[in-house]
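What follows is the residue order along each chain.
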Amino acid sequence: MRKLLVMLSVLFALIFLSACGSKGNDIYIYCSKREIETDFPKMVEEFKAQYLAKTGDELNIKLFVGNDDSDTILKTDMGNANVSEQPTIYYIDMTKLPDYVASGQILELKNDKVKELSPDFYNDLVLPIGVGENLTTDGSNSYGIPINYEGYGYYMSTDTLKELFGLSGAALDGVVEDIKMSSYEEFTAFCLEAEKWIADPASAADVTLSGNSYSFAGSKGSWTSNLNGIFSMTGGNEGWTWGFHLYNKSLNLEYPTAFATSVAKDLTWRGAESYFNILKFQFDHMADPTPEEKEITKGSYGSELATEAYSYNASLALFAQGKALMIKQGNWAYTGIAESAAPGFLKTLFFIPVKYDLNTPAVKAMSDADWMALEQVKGGSKAEKMDNFNKSITIFVPNYFVINAKANEKKQKLAMEFLHWMHTSQTGLEYITDTFAFVPYYQIPSDVNITIDNAISKSIVEYAGKGLSLSNDMNAAPGGVNNDMQEWITETYLAPSNAADAGFKDFADFKTNIADKFTAEWAKRAEQRDSVK
């Protein structure tokens, strides 16, 4: 069995970076973030070299990066009876926290022992972690160091808006800002008129965005001539893009914080109809990957959505090639879009918040107190919070580095020194912001000269700086409900081979088929989650 595990480790990038260091100067770092599996080892080598120059000691670092079966390998390594063979630093998301707390293998960071071992780590990294970014079981303890921020919304290009409205300079800047800050009603009306403009520029009426009126250009430009629809969508096989992220905003209407979501035992799901409306709207107005072969029948999609034409990579290419006006994705899609984008396109990108219908009966019934309880939404009144809800993008910490509580103090101290170096040194930050193309979760030290060139990362920083961000509550939902959401929608609405039976009908049908079952599943899974705490 052990031989088999070793073979798997080799096959799936278990990398050993070793030197002839003194006994005990060794740690095992486990990082399952595939996007950085090539560059993370290079960063570790930089740390080793700088540590040697600073202390005169060499480090032995065993490193695992990336794998399709990474969860299995982590469980195997953490289950090793020889604690010295277990990872000193490992990488988890919020859903895995209860298991490792129960096993006693995760170090609580807000304690005197950590402060004594590494004051810089404690003061510079542990204490500044905000409520919304903290890996916690009770709201006050802290178990992990966020590796980065991620964010998502609708990608759009200023070049597209420039040709849509025939604007440039300050006027173009104005429409970019207005579409970001627009209401749900303004946004959907804009999409409908843009769809008319794609078919015939003369047929589109003026639109209002953030209270300002805009007229469409009388003809298409070189870029917008490629457009054939509004949204680039993935099919049922990639339903996380709309099954997870799109419904997350309905949870933002339900719970004060992501932590509150993690301990909730039930779900009234007052945002269900709002989610349904934007979900249906996106599928009803999606771009066609193969317009020369066929046309999508709006509202009736069928099993064609399971084909390669609607894969994740295909959806990125559709947007990058200018065939879709926008795509709802996160900053992780930036490099994938770059593979199909024309020179200069990436610099024109920015995020538009996902817009939710706030005039559904359940949302309209929310009281002042209901809105004021939503701590993650900016505003000092119900009116301000309602206004800012659709001006905010989702910004969150996807995963955390945690330290093994069973490792000896020397290993723990080395782990803290590595994490502190990674997040505060010039070299570590350059890897995070430039090489990894990540958005740091903390304020960059004033003595470190770092600039962020990635346009989408800049967009995230802009929203965060204005306080216009919502948390990723879906990561705090009881385990499995996100998959249930995707499966129910795919099976009920998208997968039927008979086109007449496919597509979205109305909310009553959605509620009967999905929403009621989903709330019951939430309660059941929440009880299961509580049972392992």
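In every chain, residue numbers begin from 1 and rise along the written sequence. Two thresholds apply to this predicted model, a pLDDT of at least 70 for residue-level local features and 80 or more for giving and counting side-chain atom pairs, whereas whole-chain, interface and lining totals are computed over all residues. Just so you know, side-chain values use all the structure's heavy atoms and leave hydrogens and water out.

A. View of the overall build of the protein chain. Helix and strand content of the protein chain: 23 helices and 14 strands. Relative to the compact-globule value of 24 Å for 533 residues, the protein chain shows a C-alpha radius of gyration of 24 Å, a close match. Dimensions of the protein chain along its principal axes, counting C-alpha atoms only, are 75 × 50 × 50 Å. Relative accessible area decides the class of each residue, using a 1.4 Å probe on protein chains only: under 20% of the type maximum gives buried, over 50% gives exposed, and in between gives partly exposed. Expressed as a percentage of the 533 residues in the protein chain, the buried residues total 56%. A helix here means a DSSP run of H or I that spans at least four residues, while a strand means a run of E at least two residues long, and both kinds are numbered starting from the N terminus. A radius of gyration in this sense is built from C-alpha atoms; the matching globule rule multiplies 2.2 Å by the number of residues raised to 0.38.

B. Geometry of the nonpolar core. The biggest cluster of nonpolar side chains holds 88 residues, and the ones touching the most others in it are Phe40, Phe121, Tyr155, Phe418 and Met422. If you tally residues by element for this core, the top one is helix α19 (residues 409–424), at seven residues. Residues contacting Phe121, with those up to four places away along its chain left out, are Leu109, Val114, Val126, Ile145, Ile403, Met416, Leu419 and His420. Among buried residues, the Ala, Val, Leu, Ile, Met, Phe, Trp, Tyr and Cys ones that are joined through side-chain atoms within 4.5 Å form a nonpolar core. The contact definition used throughout considers only heavy atoms, calling two residues in contact when any of these lie within 4.5 Å.

C. Focus on the pairing of strand β13 (residues 400–403). Of the two faces of β13, the one holding Tyr400 and Val402 and the one holding Phe401 and Ile403 are both buried throughout. Between any two strands, pairing holds if DSSP finds at least two bridges. Across four bridges, the pairing between strand β4 (residues 89–92) and β13 is antiparallel. Counterpart to Tyr90 in the pairing with β13 is Val402. Looking at chain direction, strand β5 (residues 145–146) and β13 are connected through two bridges and run antiparallel. If you follow Pro146 over to β13, its bridge partner there is Tyr400.

D. Highlighting the environment of Asp57. Take Asp57: it is sitting in the loop between α2 (40–55) and β3 (60–65). Of the residues examined, Asp57 reaches a relative accessible area of 32% and is grouped as partly exposed. Setting aside its immediate chain neighbours within four residues, Asp57 contacts Asn25, Tyr51 and Leu52.

E. Layout of the pattern of salt bridges. Salt bridges, as used here, are contacts in which a Lys or Arg side-chain nitrogen is within 4 Å of a carboxyl oxygen on Asp or Glu. Summed over the entire model, instances satisfying the criterion amount to 17 salt bridges. A salt bridge links Lys42 to Asp39, with the nearest nitrogen and oxygen atoms 3.6 Å apart. Shared partners join several salt bridges into a network, and the residues in it are Glu177, Lys180, Glu462 and Lys466.

F. Structural context of the packing of aromatic side chains. When two rings of Phe, Tyr or Trp (its six-membered ring) have centres within 6.5 Å they constitute a pair, described as stacked for plane angles under 30 degrees, edge-to-face for angles over 60, and tilted for the intermediate range. Overall, the coordinates contain 43 aromatic pairs when judged by the stated rule. Arranged with centres 6.0 Å apart and planes meeting at 55°, the rings of Tyr431 and Phe436 form a pair that is tilted. Accessibility classification places Tyr431 together with Phe436 in one group, the buried group. In this structure an aromatic cluster arises from ring pairing among Phe40, Phe47, Tyr51, Tyr91, Phe401, Phe418, Trp421, Tyr431, Phe436 and Phe438. It is Lys249 that lies over the ring of Phe389; its NZ or CZ is 5.0 Å from the centre. Two limits define a charge over a ring: the Lys NZ or Arg CZ must be within 6 Å of the ring centre, and within 35 degrees of the ring normal.

G. A look at the packing of α19 against helix α20 (residues 426–435). Axis geometry follows a simple rule: fit a line to the C-alpha atoms, using only the stretch in contact for helices, then measure angles between N-to-C directions, giving values from 0 to 180 degrees. Following both chains from N to C, one finds α19 and α20 inclined at 65°, their axes separated by 5 Å at the closest point. One way to sum up the angle between α19 and α20 is to call them roughly perpendicular. Residues Trp421, Met422, His423 and Thr424 of α19 form the contact with α20, whose own contacting residues are Gln426, Thr427, Gly428, Leu429 and Ile432. The residue inventory of the contact of α19 with α20, partitioned by class, reads four nonpolar, five polar and no charged. Geometric relationships in this document are graded by angle, where less than 35 degrees denotes roughly parallel, more than 145 denotes roughly antiparallel, 65 to 115 denotes roughly perpendicular, and other angles denote oblique. Basically, the charged four are Asp, Glu, Lys and Arg, the nonpolar ten are Ala, Val, Leu, Ile, Met, Phe, Trp, Tyr, Cys and Pro, and anything else, Gly included, counts as polar.

H. Quick peek at unusual backbone geometry. A positive phi angle is found at Trp269, which is not glycine, with a value near 55°. Tracing the backbone shows Trp269 in the loop between α12 (258–263) and α13 (272–284). The class of Trp269 is buried, set by a relative accessible area of 4%. One non-glycine residue with positive phi stands out, namely Ala437, at about 60°. Mapped onto the secondary structure, Ala437 falls in the loop between α20 and α21 (455–465).

I. Quick look at helix α11 (residues 245–252). Counting buried positions over the eight residues of α11 gives eight, a clear majority of the element. All buried positions along α11 are accounted for by His245, Leu246, Tyr247, Asn248, Lys249, Ser250, Leu251 and Asn252.

J. Region of the structure containing α21. Restricting attention to buried positions, one finds in α21 the residues Ala455, Ile456, Ser457, Ser459, Ile460 and Tyr463. Contacts made by the buried residues of α21 are with β6 (150–157), α8 (169–180), α15 (334–338), β11 (349–352) and β12 (393–396). At the N-terminal boundary of α21, the capping side chain belongs to Asn454, with an oxygen 2.9 Å from the backbone nitrogen of Ile456. Where α21 ends, the next residue or the one after it, Gly467, has phi of about 75°, a positive value. Throughout this description, a polar contact denotes any pair of N or O atoms lying within 3.5 Å of each other; where both atoms belong to protein, one of them has to be capable of donating a hydrogen while the other can accept it, and for residues adjacent in sequence the pair is counted only when both atoms sit in side chains.

K. Looking closely at the confidence of the model for the protein chain. As a per-residue measure, pLDDT tells how confident the predictor is, with possible values from 0 to 100. Mean pLDDT over the protein chain works out to 88, with 92% of the residues at or above the 70 mark. Counting contacts from residues 1–23, a segment whose pLDDT is below 50, to residues more than four positions away or on other chains yields 42 contacts.

L. Structural context of the pairing of β12. Neither face of β12 is left uncovered, since the one carrying Ile393 and Ile395 and the one carrying Thr394 and Phe396 both have all their residues buried. Where β6 and β12 come together, three bridges link them in antiparallel fashion. The residue bridging Tyr152 from the neighbouring strand is Thr394, located in β12. Note that β12 and strand β14 (residues 469–470) share two bridges and pair parallel. What sits directly across from Thr394, in β14, is Leu470.

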